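The chain contents come next:
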Amino acid sequence: NEELADYIEAKGLGKGGKFKVVGIIGGQSSGKSTLLNKMFGTRFDMMDSKTGRKQTTKGIWCGVAQGQSTLILDVEGTDGREKEDQKAFEGKSALFCLALTDVMMVNMWMHEVGRFNAANLPLLKTVLEVHMRLLHGGEEAP
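Residues numbered from 1 in each chain as written. Predicted model: local features only at pLDDT ≥ 70, side-chain atom pairs only at ≥ 80, totals over all residues. Heavy atoms only, no water.

A. The environment of Ser29, seen in detail. Assignment of secondary structure puts Ser29 in the loop between β1 (20–26) and α2 (32–40). Take Ser29: its relative accessible area is 18%, and that puts it in the buried class. Separated by 48 residues in the primary sequence, Ser29 and Gly77 place their C-alpha atoms 6.9 Å from one another. (Helix = DSSP H or I, 4+ residues; strand = E, 2+ residues; numbered from the N terminus. Buried < 20%, exposed > 50% of the residue type's maximum accessible area, 1.4 Å probe, protein only.)

Here it is as structure tokens:
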């Protein structure tokens, strides 16, 4: 996409063709944008707790880490309990993030760690299976 190439050039990334990409996926309203802003000095929109919990990030947003040659991807939050077409977008955006990033963070609610019926478990399972296939050159992972 030419717009992304223009954005990368305008932000001074890719001088010499080298920059890192970091992305984050996780549940809606779990603090992904806040975490990225604190870690990398980005300015992604964040939820205002005074107005109630609601979706802030729609789609995939790009930012640049302050003082680093790093492109940051803020991915729309997931909620596996929503309608089927939303699940398809969640899967595609997570796999897109996996394909582009050097580091992909997964932000989970503390109470969902270790639960087999957590809302985002199917998505996380898909992402990890694809990642393992990529690491093993297309073979079934052990």
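So much for the structure itself; the text now carries on.
B. Examining the sheet that holds strand β3 (residues 70–75) more closely. As summarised here, the arrangement of the four strands in space is β2-β3-β1-β4, forming an open sheet in which the pairing is mixed. Strands with a single pairing partner mark the edges of an open sheet, and in this sheet they are β2 (60–64) and β4 (103–107). The mean inter-strand angle of the sheet, taken between neighbouring strand axes irrespective of direction, is 20 degrees. Here β1 runs beside β4; their pairing, made up of five bridges, is parallel. Within β4, the residue paired with Gly26 across the bridge is Asn107. Where helix α1 (residues 2–10) meets the sheet, it contacts β2 and β3, and its direction lies at approximately 20 degrees from that of β2. Strands in contact with α2 are β1, β2, β3 and β4; relative to β3, the strand with the most contacts, it is inclined by about 165 degrees. (Pairing = 2+ DSSP bridges. Axes fitted to C-alpha atoms, helices over the stretch in contact; angles between N-to-C directions. Contact = heavy atoms within 4.5 Å.)

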